[in-house]
Amino acid sequence: MTGYIARRFLWLIPVVLIVAGLTFILMHNAPGGPWDRDPSSRQVDAVAQARLNAFYGLDKPLFYQFTSYLIGGRNLVTKEWSCGLICGNMGPSYRVRGMTVQQYLFTPPANRSFLYSKAGYSLRLGVLALLLAVVIGIPAGVISALKQNTWIDYVSLFIATVGISVPNFVIAIFLIIIFASTLKWVPVIPISWDDFSVWVLPAVVLGFGTLARSARLTRASMLEVMRMDYIRTARAKGLAERIVIYRHMIKNAMIPVVTFLGPALAGLVTGSFIIETIFGFPGMGRAYVTAISNRDYSMIMGTTIIFAVIVAVMNLVVDVVYVFLDPRIKLSD
Amino acid sequence: MRSKWLVLVVVLVIASMVLGACQKAPAAPSQTLRVNLGTYPDILDPQKASFVNEIAHLQLMYEGLTKLNTALETVPGSAEKWEYNADATEVTFTLRKNLKFSDGSLLNAKRFEYSLLRNIDPSTAGEYAAITDDIAGAAAWRGADLATATAEQLAALKAAVAVKAYDTNGNPCTDYEQKTCLVLKVGTTNPAPYIHTVLSLWVTYPVKEEVVALDPDTWWTVAANHIGNGPFVLSVLEANSVANFTPNANYWGGFAKVNLEYRYITDSAVAFEAYKNGEFDIIGLAAEDLSTVQADAVLSKEAMIYPGSCTFAYMFHQEKEPFTDQKVREAFAYALNRDGWVKDVLKGLGSPTLTWIPKGFPGYDAAENRWGFDPAAAKAAIAASSYGSVDKLPEITATFSDTPRNRTRNEWLAGNYKDVLGVDIKLNPVESTTYTALTKDSATAPQMYILGWCADYPDPQNWLSVYWKTGGFAERIKYSNPALDAMLVEADKELDSAKRMQLYADAQKLLTDGAPVAFFWNNVNTYMVKPYVKGLTTTPMDSGWAGIYSAIDITIEK
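Residues numbered from 1 in each chain as written. Chains lettered and ligands numbered in written order. Predicted model: local features only at pLDDT ≥ 70, side-chain atom pairs only at ≥ 80, totals over all residues. Heavy atoms only, no water.

The number of helices and strands found in chain A is 13 helices and two strands. Seen through its principal axes, chain A has C-alpha atoms that stretch 80 × 55 × 40 Å. Per-residue burial for chain A yields a buried fraction of 48% across its 333 residues. A sequence separation of at least 24 residues applies to 65% of the contacts in chain A between residues at least 6 apart. Within the structure as shown, chain A displays about 16000 Å² of accessible surface, and the carbon and sulfur contribution to it stands at 70%. Counting 29 positive and 16 negative side-chain charges, chain A places the centres of these two groups 4 Å from one another. (Helix = DSSP H or I, 4+ residues; strand = E, 2+ residues; numbered from the N terminus. Buried < 20%, exposed > 50% of the residue type's maximum accessible area, 1.4 Å probe, protein only. Contact = heavy atoms within 4.5 Å. Areas by Shrake-Rupley, 256 points an atom, 1.4 Å probe, with all protein chains shown as cover. Lys, Arg positive; Asp, Glu negative; His and termini not counted. Charge placed at Lys NZ, Arg CZ, Asp CG, Glu CD.)

Structure below.
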């Protein structure tokens, strides 16, 4: 299995290269650049724009820019050579001038751990949201399947349908009005993220969609497994119902759910623009969205590559987890 | 016995000095004004910042040689006075004595020299640096090619910049510790009797060279590095979360009466909810919440809606048909139902205008009434144009930044022109940054589109010369009027204030004569302010929140 995992990691290299290449082509084909402002604002003057372009190498041919991004290059103004993506350098942010993309996303404030960086905040919230989704969603799906067509199933179906169909910004506003404005259990605007209670609403909003999907998926998968011959066999040989459910039904029903949860976690831990906008959450989701409209090229490249790597790694983790869930699966090639 | 008396006197003197020193630092205020600023700033380096939310931070922590008061007059800031030479090509600032930074260290003219030069320095590459290009030598140094210029050439260009600090005896200053270094001379390439107002802007704020040297790129990310000379000190700065300001005990102009807290909620519905819940004292009022506020007896009294600093116009490309014909431009200006737009589309959040300089700014022409909404005159103008009738006009496309709001707005405008002139306007929505890119260059600038201009500083020079002189911002629609250029050159160098204002008034009339664009509406600032916030005075140029120019006078009485 070690060889398989190593090979999969090596596959990351062409994946990253292709993702980087496509992103680079797409973003440079969009009109405008990082120095363009809201049309009603004063625009950066031609001299300053030329200076900034020269400083960041944006006046060079696109192929040169791309290879410098990947391998590194010499800054023609400062004359300093800097290594590129191969050394983990994701380039300078054009909007938050003075910071590199990795500094912007991964560097915590002074005297704080990584968990207090933008990526750290998003990671913590993502894991919390996933925990909520797993701890509530999967049991809800299992119970719905076992109690099919009872009121429990209908309530679960209703909540899951709401979770899937109602956009999370609507859910967020509703929760804020109920729990902050009306009940006053939490403030509308979190005073400090060191206080755990203020994490609950953002985590619920972020995890609600995943919770709903995992509940529906678990239910469907359970219903399918329940009708399998091996379940009938297990019961026929006199196994206790508890063991039939835990050992034979849930374990087998989890395979499609795990397939879903892997990429879902990638989506959760890389931050959410909606959550950050609504709750003032200091994560990295905003960087993804604003980088595009700001034409912050390095930030677009960096965040896309991070996302691609996380999705690829989560898919690998899913594949490895399969082995434990289903002994018939072998990771031999 | 005598020695005992002596000891007692000495003890009393020392005690009174100690107590006196203690009294010097006023107690920190117990109240905090909580403001939602919206977007977290990308940069807080005065010489690199340029956005409103960035300026809203810098304006509290730093101060220029001059500053704007709540009547938008240029008044002494760190300089107690300034004086122009006879032909207005040099201004001499005299600093207040014993000025201090927030850390208690000396602030002399050499500090301002450093910051002004840092703004011009090509290696700073400040995004707003062009605003000081009137300074002699500034444009040459700022425009130097860093890839080819030698260190000697760059040093010579720097030395040629007419910004120099002197001591009170007229000798060049030596260092930052020199107490007598109180004079700063700034020379300009052409007469520029408005440059003292330009030097109130944030790009001139004094930052400490030794602090910048800690890390020239990211020094501003640490709250403690903002050692400024403004009324407040930044005590906490947490990205995307919170910024706390406390009064600066070393500020020459007094001790602020409240602490300040900025938070960064960009979702207006959430900010409004937090405001209603008592978690904010000041927020921006979004258009979609306006009807809720107006219908509520309590909230409606807390809304502050007052003129802003921007004029929006329907821009017509002067070299793209049919707008090459003045009569067509006149027709489109006449046909624009500005009152209907403000009432139906902006829901009252704006005011119709027929002038470029808005109400509340020096140079506003209250008497201007040309090209106002007049359907009959619009049709007559088309008939008098070289096209003769609307069916002979070439295809007209209105381009706009594609948002749901702008779609509705532009559909309204197309309907307006269809109703009044019978002309079909094709709508061309484009992505917002693409829109900016298109509108920046005269070659790609659309046939007709809406664009605004917001004041950098309250002087007609900024509205007229910076925008409408040939090669200025109106270059994008290929506007060029030699007669207007000549008039603006005269106005820009006139030292006599009354004559100068008259020249600008004449220039604005001349500009309007040719109906180059259709002046459309002025924005309004819209905020919600809790009734217990007192001492707040608003200005059209408020950046970030209502009353920022009066921050030092604000109290909370609850």
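Once you've had a look at it, read on.
Our next topic: a nonpolar patch on the surface. A grouping of A:F114, A:L115, A:L123, A:V127, A:L131, A:V135 and A:I136 is seen on the molecular surface, where their side chains present a nonpolar patch of about 580 Å² in accessible area. Position of A:I136 among the secondary structure elements: in helix α5 (residues 118-146). (Patch = residues over 30% accessible without salt bridge, like charges linked within 9 Å, V, L, I, M, F, W, Y side chains within 5 Å. Salt bridge = Lys/Arg side-chain N within 4 Å of Asp/Glu carboxyl O.)

Attention now goes to the environment of B:G137. Residue and element names in this part refer to chain B. Along the chain, G137 turns up in the loop between α3 (109-120) and α4 (138-142). G137 gets classed as partly exposed once you look at its relative accessible area, which sits at 26%. Leaving out residues up to four positions away in the same chain, G137 has contacts with A160, V161 and T189.

Moving on, we come to the interface of chain A and chain B. Opposite the 49 residues of chain A that make contact, chain B presents 56 residues. Interface area, chain A with chain B, both sides summed: about 4300 Å², of which 54% is carbon and sulfur. Here A:R97 makes a salt bridge to B:E127, at a shortest N to O gap of 3.5 Å. Taken together, the links from chain A to chain B amount to 13 residue pairs in polar contact (both at pLDDT 80 or more). For the side of chain A that touches chain B, the class distribution of residues is 25 nonpolar, eleven polar and 13 charged. (Buried area = accessible area lost by both parts, 1.4 Å probe. Polar contact = N/O pair within 3.5 Å; in protein donor to acceptor, adjacent residues only side chain to side chain. Nonpolar A, V, L, I, M, F, W, Y, C, P; charged D, E, K, R; others polar.)

Membership of the largest hydrophobic core comes to 153 residues, with the highest contact counts inside it found for B:L33, B:L184, B:Y262, B:W356, B:W468 and B:W545. Residue contacts for B:W545: discarding those within four places in its chain leaves B:L33, B:V35, B:L37, B:L60, B:L260, B:Y262, B:I282, B:Y527, B:A551 and B:I554. By size, the runner-up hydrophobic cluster in this structure holds 67 residues, among which are A:L206, A:M222, A:V257 and B:L285. (Core = buried A, V, L, I, M, F, W, Y, C linked by side-chain atoms within 4.5 Å.)

Counted residue by residue, helix α2 (residues 52-61) of chain B has nine buried out of ten residues, so it is predominantly covered. Within α2(B), burial applies to B:N53, B:E54, B:I55, B:A56, B:H57, B:L58, B:Q59, B:L60 and B:M61.

Residues and elements named next belong to chain B. Structurally, T512 can be placed in helix α18 (residues 497-513). On the basis of relative accessibility, which here comes to 2%, the residue T512 falls in the buried class. At 2.8 Å, the side chain of T512 forms a polar contact with the backbone oxygen of Q508. When neighbours within four sequence positions are excluded, T512 is seen to be in contact with L354, E368, R370, W371 and F519.

Turning our eyes to something else, we now look at the sheet that holds strand β7 (residues 181-187) of chain B. By definition, the strands of a sheet pair up through backbone hydrogen bonds, in either a parallel or an antiparallel sense. All names here are of chain B. Ordered by their spatial adjacency, four strands build an open sheet running β4-β5-β7-β6, and the pairing between neighbours is antiparallel. Of all strands in the sheet, those bounded by a partner on one side alone are β4 (79-84) and β6 (163-167). For this sheet, the mean inter-axis angle between neighbouring strands, taken without regard to orientation, is 20°. Bridge analysis of β4 against strand β5 (residues 90-95) gives five bridges, and the strand direction is antiparallel. Pairing of W82 across the sheet is with F93, part of β5. (Pairing = 2+ DSSP bridges. Axes fitted to C-alpha atoms, helices over the stretch in contact; angles between N-to-C directions.)

This part covers the pattern of salt bridges. When the charged atoms of two side chains with opposite charge come close together, those side chains can pair. Residues and elements named next belong to chain B. Enumeration according to the criterion identifies 32 salt bridges over all chains in this entry. In this structure, R118 engages D45 in a salt bridge whose closest nitrogen and oxygen atoms are separated by 2.6 Å. Taken together, the positions of R118 in helix α3 and D45 in the loop between β1 (32-36) and α2 put the pair 73 residues apart, joining distant regions of the chain. Using a relative accessible area of 8% as the deciding quantity, one classes R118 as buried. Between E90 and K185 there is a salt bridge, with the nearest N and O atoms lying 4.0 Å from each other. Separated by 95 residues along the polypeptide, E90 in strand β5 and K185 in strand β7 bring together distant segments of the chain. Salt bridges sharing common partners tie together E368, R370 and D513.

For the rest of this paragraph, the subject is the environment of B:R329. Residues and elements named next belong to chain B. Within the element layout of this structure, R329 appears in helix α11 (residues 326-334). You can call R329 buried: its relative accessible area is 8%. Spatially, the C-alpha atom of R329 lies 9.0 Å from that of I382, the residues being 53 residues apart in sequence. The contact partners of R329, leaving out residues within four places of it in the chain, are F316, Q318, F323, T324, G514, A515 and P516. Within the structure, the side chain of R329 is placed 2.8 Å from the backbone oxygen of F323, a separation counted as a polar contact. Of the polar contacts made by the side chain of R329, one reaches the backbone oxygen of G514; its length is 3.1 Å.

Take the packing of aromatic side chains next. Enumeration according to the criterion identifies 47 aromatic pairs over all chains in this entry. Pairing A:F55 with A:Y56 gives two aromatic rings, centres 5.1 Å apart and planes at 85°, and the pair type is edge-to-face. Its relative accessible area of 30% is what places A:F55 among the partly exposed residues. Residue classification places A:Y56 among the buried positions, given a relative accessible area of 15%. On the numbers, 5.7 Å between centres and 65° between planes, the contact of B:W341 with B:W412 is edge-to-face. One end of the pair, B:W341, is in helix α12 (residues 338-345); the other, B:W412, is in helix α14 (residues 404-421), with 71 residues separating them in the sequence. Note on B:W341: relative accessible area 1%, which makes it buried. In this structure B:W412 comes out as partly exposed when scored by relative accessible area, which is 22%. An aromatic cluster of three or more residues is present, and its members are B:F312, B:Y314, B:F316, B:F323, B:F332, B:W341, B:W412, B:Y417, B:F520 and B:W521. (Phe/Tyr/Trp six-rings, centres within 6.5 Å; stacked < 30°, edge-to-face > 60°.)

On to the environment of A:S144, then. Residue and element names in this part refer to chain A. Counting through the fold element by element, S144 comes out in helix α5. Each C-alpha atom of the pair S144 and A215 lies 8.5 Å from the other, and the pair is 71 residues apart in sequence. Excluding its chain neighbours within four sequence positions, the residues that come into contact with S144 are I152, D153, S156 and R219. Side-chain polar atoms of S144 contact the backbone oxygen of A140, separated by 2.8 Å.

Formally, a disulfide is one covalent bond, and it connects the sulfur atom of one cysteine to the sulfur atom of another. All names here are of chain B. Using the criterion set out here, one finds three disulfides over all chains in the structure. With a sulfur-sulfur separation of 2.1 Å, C173 is cross-linked through a disulfide to C181. Handedness here is read from the sign of the S-S torsion; for C173 and C181, about 100°, the answer is right-handed. For C181, a relative accessible area of 0% puts it in the buried group. Here the disulfide map of chain B reads 1-2, 3-4, the bonded cysteines being numbered as they appear in the sequence. (Disulfide = S-S within 2.5 Å.)

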